[in-house]
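Each chain, written out:
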Amino acid sequence: MEKMKKNKKDFLTLLDYSNEEINYLIKLTEDVKKNGDKYCKILKNKNIALLFDKPSTRTRISFEVGINQLGGKCLVLDSKTMQIGRGETYSDTAKIFNSYLDGVIIRTFKQESIETIAANCDIPVINALTDKYHPCQILSDLFTLYENDLLFKEGMKFVYMGDSNNVLSSLLIGFTKLGIDITVGCPQKYEPDKELMDSLKAISKKSGNKIKIINDPILAAKDADVIYTDVWVSMGDEESTQKTYDLKPYQINKNLISSAKKDVKIMHCLPAHRELEITSEVLDSQNSIVWVQAENRLYTQKALLTFLYS
Ligand code: CP
Ligand code: NVA
């Protein structure tokens, strides 16, 4: 029997998810984290593939473990050993995924590639990071803030510092959808994607959030409740000594965080390049919540799978 198209839901970008759905996922994560056993049959008889064209530690392991804990089976694929690596198209490959699998989780370069796969199959497709977005990471970030009673705290100042990349784009979407203000501290040269900023205007108008871009790192960090950073060179980007030089003043170090609130929480999606975008002194300090942020990837992704397959 043919699967009904209307039942298919993907997770390609948070732009496709409503404020209500994101809030639901945050609350569902809370229950998944507390009552894991309740969810152990959600993926019974389901085979889900992980296809990674870029390295991964957290995303790959947390999805693999999460699928197992939900009672499903997981296949880890590598495009280099598949016919995609020899030029078979994404759309043809998607039709094959559709024949054998119940879902596919993909980390690749172009957002268009996962969109093509999603458009050519009836099974859920999950974005495990592209050059453009990293929505799974942001679910964990939002949940971690929620768990720390920060997400909906009146006047909470959240600052993202550094390179405007896939993680920042997804943070901007998530915060805007939820109506939460966000400050970006970065050099003028590395400000967020203009097309994305324009598309967020209409959502901001409805949700009431404000996005501030501040080119002075100390001013950006001033009185912050949370400071978040990510690598300066993302996977697939070219190393640039000029960029490292330009971003140096935005490094998360003791001096920078001294202008934030005393109990400022430090976040990083990891992997960290110690002594580049963040010092070990800060990453390993009492203020850092990066390890629980990473652990929460497991629970948020189990909640996402529960949402997609229930
Ligand atoms: N934060 C994150 O996605 O980590 P990995 O690249 O290790 O999956
Ligand atoms: N911006 C980083 C995130 C890694 C999880 C990258 O794309 O490499």
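Scroll up a little and you will see the structure.
The model shown is predicted, which means the values in this text are computed figures rather than measured ones.

S.K.: Which residues make up the site of ligand 2, and what values do they have?
M.R.: All residues in the neighbourhood of ligand 2 are listed as Leu129, Asn165, Asn166, Val167, Asp230, Val231, Ser234, Met235 and Leu270. The separation between a nitrogen atom of ligand 2 and a polar side-chain atom of Asn165 is 3.3 Å. Here ligand 2 has 270 Å² of accessible area as a free molecule, and 95% of this is covered by the chains. When the residues that make up the shell around ligand 2 are grouped by side-chain class, the tally is five nonpolar, three polar and one charged.

S.K.: Could you give an account of the environment of Ser259, naming the residues involved and the relevant values?
M.R.: Along the chain, the position of Ser259 falls in the loop between helix H10 (254-257) and strand E9 (265-268). According to the relative accessible area criterion, Ser259 is buried, its value standing at 18%. When the C-alpha positions of Ser259 and Ala224 are compared, they lie 7.9 Å apart, and in sequence the two are 35 residues distant. Excluding its chain neighbours within four sequence positions, the residues that come into contact with Ser259 are Ile218, Ala221, Lys222 and Asp223. For Ser259, the side chain forms a polar contact with the main-chain oxygen of Leu256, separated by 3.2 Å.

S.K.: Break down the nonpolar core for me, citing the residues and quoting the values.
M.R.: Counting 56 residues, the largest nonpolar core has Ile126, Phe158, Leu171, Phe175, Leu304 and Leu305 as the members making the most contacts within it. Sequence-distant contacts of Phe175, that is, excluding residues within four places in its chain, are made with Leu142, Leu145, Met156, Phe158, Ile180, Asp181, Ile182 and Asn209. Within the second largest apolar cluster, 21 residues are counted, among which are Val159, Leu256, Ile257 and Leu283.

S.K.: Help me get a handle on helix H6 (residues 166-178), residues and values and all.
M.R.: Between the first and last C-alpha of H6 there are 19 Å, a value that for 13 residues agrees with the 18 Å anticipated at 1.5 Å per step. Looking at where H6 begins, the residue whose side-chain oxygen comes 3.0 Å from the main-chain nitrogen of Val167 is Asn165. Within two residues after H6, Gly179 carries a phi angle of roughly 75°, on the positive side.

S.K.: Quick rundown of the site of ligand 1? Include the residues and the values.
M.R.: Taken together, Ser56, Thr57, Arg58, Thr59, Arg107, His134, Gln137, Cys269, Leu270 and Arg297 make up the full set of residues near ligand 1. Between ligand 1 and the protein, one listed contact pairs an oxygen atom with a side-chain N or O atom of Arg107 at 2.8 Å. A distance of 2.8 Å separates an oxygen atom of ligand 1 from a polar atom in the side chain of His134. When the free accessible area of ligand 1 is taken as 260 Å², the share hidden by the protein chains comes to 96%. Across the shell around ligand 1, the residue classes tally to two nonpolar, five polar and three charged.

S.K.: Any chance you could break down the sheet that holds strand E4 (residues 125-127) for me, citing the residues and the numbers?
M.R.: If you walk across this open sheet you meet the four strands as E2-E1-E3-E4, and the pairing is parallel. Here the strands that pair on one side only, and so sit at the sheet edges, are strand E2 (73-77) and E4. Across the sheet, the mean angle separating the axes of adjacent strands is 20° when strand polarity is ignored. Sheet topology places strand E1 (residues 47-52) next to strand E3 (residues 103-107); five bridges connect them, and they run parallel. Bridge assignment links Ala49 to a residue of E3, and that residue is Val104. Strand contacts of helix H12 (residues 290-309): E1, E3 and E4, with the helix running at about 155° to E4, the strand carrying the most contacts.

Conventions and cut-offs
The residue numbering used here restarts from 1 in each chain and proceeds along that chain's sequence as written. Written order decides the labels, with chains lettered from A and ligands numbered from 1. Note on the predicted model: pLDDT of at least 70 is required for a residue's local features to be given, and 80 or more for side-chain atom pairs to be given and counted; whole-chain, interface and lining totals, by contrast, use all residues. Hydrogens are left out, water is left out, and the side-chain values use all remaining heavy atoms of the structure. In this text, near means that some heavy atom of the residue lies within 4 Å of the molecule or strand in question. Polar contact is the term for a pair of N or O atoms within 3.5 Å; when the atoms are in protein, one must be able to donate a hydrogen and the other to accept it, and sequence-neighboring residues count only if both atoms are side-chain atoms. In these tables, accessible area is a Shrake-Rupley quantity obtained with a 1.4 Å probe, and a residue counts as shielded only by the protein chains included in the view. For this classification, Asp, Glu, Lys and Arg are treated as charged, while Ala, Val, Leu, Ile, Met, Phe, Trp, Tyr, Cys and Pro are nonpolar and the rest, including Gly, are polar. In this description a helix means any DSSP run of H or I spanning at least four residues, a strand means any run of E spanning at least two, and both kinds are numbered starting from the N terminus. Each residue gets one of three labels from its accessible area relative to the maximum for its type: buried under 20%, exposed over 50%, partly exposed in between, using a 1.4 Å probe on protein chains only. Contact between two residues is taken to exist if any of their heavy atoms lie within 4.5 Å; hydrogens are not considered. Definition of nonpolar core: a set of buried residues of the types Ala, Val, Leu, Ile, Met, Phe, Trp, Tyr and Cys, connected through side-chain atoms within 4.5 Å. The span one expects for a helix is its residue count, reduced by one, times 1.5 Å. Between any two strands, at least two bridges found by DSSP are needed for them to pair. Axis lines are fitted to C-alpha atoms, over the contacting stretch for helices. Their N-to-C directions set the angle, which ranges from 0 to 180 degrees.

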